[in-house]
Amino acid sequence: MSAVAEQADVAVGGLYRYFDGKDALLAALQVRAVDTFSTVMDQALSACGGSCDRLRAVSHAWFTFADAHPEEFELLDRSLSDPRPNLDDAQARAVDEALAPVLARVRTELDRAVEEGQLRPGSSAVRAHVLWAAVHGAAHFRKRDRLGGVRAANVLDEAVTALIQGWSSVPG
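The structure displayed is predicted, hence computed values, not measured ones.

What counts, and at which threshold
Residues numbered from 1 in each chain as written. Predicted model: local features only at pLDDT ≥ 70, side-chain atom pairs only at ≥ 80, totals over all residues. Heavy atoms only, no water. Helix = DSSP H or I, 4+ residues; strand = E, 2+ residues; numbered from the N terminus. Buried < 20%, exposed > 50% of the residue type's maximum accessible area, 1.4 Å probe, protein only. Areas by Shrake-Rupley, 256 points an atom, 1.4 Å probe, with all protein chains shown as cover. Lys, Arg positive; Asp, Glu negative; His and termini not counted. Charge placed at Lys NZ, Arg CZ, Asp CG, Glu CD. Axes fitted to C-alpha atoms, helices over the stretch in contact; angles between N-to-C directions. Parallel < 35°, antiparallel > 145°, perpendicular 65-115°, else oblique. Left-handed = near helix turned anticlockwise from the far one by under 90°. Contact = heavy atoms within 4.5 Å. Nonpolar A, V, L, I, M, F, W, Y, C, P; charged D, E, K, R; others polar. Salt bridge = Lys/Arg side-chain N within 4 Å of Asp/Glu carboxyl O. Core = buried A, V, L, I, M, F, W, Y, C linked by side-chain atoms within 4.5 Å. Expected span 1.5 Å × (residues − 1).

**Q** So what exactly am I meant to see when it comes to the overall build of the protein here?
**A** The helix and strand tally for the protein stands at 8 helices and 0 strands. Taken along the three principal axes of its C-alpha coordinates, the protein extends 60 × 35 × 30 Å. Expressed as a percentage of the 172 residues in the protein, the buried residues total 37%. Accessible surface, the protein as shown: approximately 9900 Å² in total, 53% of it carbon and sulfur. Looking at the protein, you have 18 positive and 24 negative side-chain charges, and the mean spots of the two groups are 4 Å apart.

**Q** Would you mind showing me how to read the packing of helix H3 (residues 22-46) against helix H4 (residues 51-68) here?
**A** A packed helix pair is summarised by two numbers, namely the angle formed by the two axes and the spacing between the axes. Where H3 meets H4, the closest approach of the two axes is 8 Å, and the angle between their N-to-C directions is 135°. The orientation of H3 with respect to H4, classified from their angle, is oblique. Handedness of the H3/H4 crossing: right-handed. Together, Ala33, Thr36, Phe37, Val40, Met41, Ala44 and Leu45 of H3 and Arg54, Ala57, Val58, Ala61, Trp62, Thr64 and Phe65 of H4 make up the contact between the two elements. Here the contact of H3 with H4 is composed, by residue class, of 11 nonpolar, 2 polar and 1 charged.

**Q** Before we go on, may I ask you to explain the pattern of salt bridges in this structure?
**A** Side chains that carry opposite charge are capable of pairing whenever their charged atoms lie near each other. Following the criterion strictly, the structure yields 6 salt bridges and no others. Here Asp42 ties to Arg105 by a salt bridge, and the two come within 3.0 Å at their closest N and O atoms. Residue Asp42 is located in helix H3, and its partner Arg105 is located in helix H6 (residues 89-115); the two are separated by 63 residues in the primary sequence. Classification of Arg105 as partly exposed rests on a relative accessible area of 23%. Between Asp145 and Arg151 there is a salt bridge, with its nearest N and O atoms 3.8 Å apart. For Asp145, a relative accessible area of 17% corresponds to the buried category. The exposure class of Arg151 is partly exposed, given its relative accessible area of 39%. Linked through salt bridges whose partners overlap, the residues forming this network are Arg54, Glu109 and Arg112.

**Q** Any chance you could explain the side chain of His136 here in plain terms?
**A** Here His136 is to be found in helix H7 (residues 124-139). His136 sits in the buried class, given a relative accessible area of 8%. Other than its neighbours up to four places away in sequence, His136 contacts Trp62, Asp77, Leu80 and Ser81.

**Q** What is the right way to read the nonpolar core from this model?
**A** The biggest cluster of nonpolar side chains holds 37 residues, and the ones touching the most others in it are Phe37, Met41, Trp62 and Phe65. If you list the elements that add at least two residues to this core, you get H3, H4, helix H5 (70-81), H6, H7 and helix H8 (152-167). With 8 residues, H4 is the largest single contributor of residues to this core. For Phe65, the contacting residues outside a window of four places in its chain are Ala33, Thr36, Phe37, Val40, Pro70, Glu72, Phe73 and Leu76.

**Q** Hey, could you run me through H7 in this one?
**A** It helps to recall that an α-helix has 3.6 residues per turn; residues three or four apart then point in one direction. Taking 1.5 Å per residue as the helical rise, H7 with its 16 residues ought to reach 22 Å, and the 22 Å between its terminal C-alpha atoms agrees with that figure. For H7, every residue scored as buried is listed here: Ser124, Arg127, Ala128, Leu131, Trp132, Ala134, Val135, His136, Ala138 and Ala139. Among the structural elements, H3, H4, H5, H6 and H8 are those in contact with the buried residues of H7.

Without other data, these values stay purely geometric and don't point to any function.
Listed below in structure tokens is the structure:
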């Protein structure tokens, strides 16, 4: 907290006036980053029509967010991708509550695809998390883009296409 206070040019006591500690400060920053991502995702959704295209847009919104907001992306990516707990339970729940509406919108898109006959029925909650995991996994390939070869965006496209085909209501 003292290093943060020094960078912000405020007294350490001033930080504790607003945040109970480091975890509370990190959680607040992560919640703010989730809000930014949510806006990016909303913009991506507003630009497309069909349900499967909307699922692809949701997936690519994470990469758009990474490009447009690299510091917030890194903060969220480190938090969400690291299997070790990095916040106390109360603060982790606060971040999880901020993510809930984002995942709810993904579930809505999955449910819409089922209603339109594009996907067979299944748990949209589980599918939203599977899609989220695929997006995060593909995002980790972004650091290899500078080396050439298979691009992270291509990995993401293939992963999302495979998921949509696997969940498709059309056999084969």
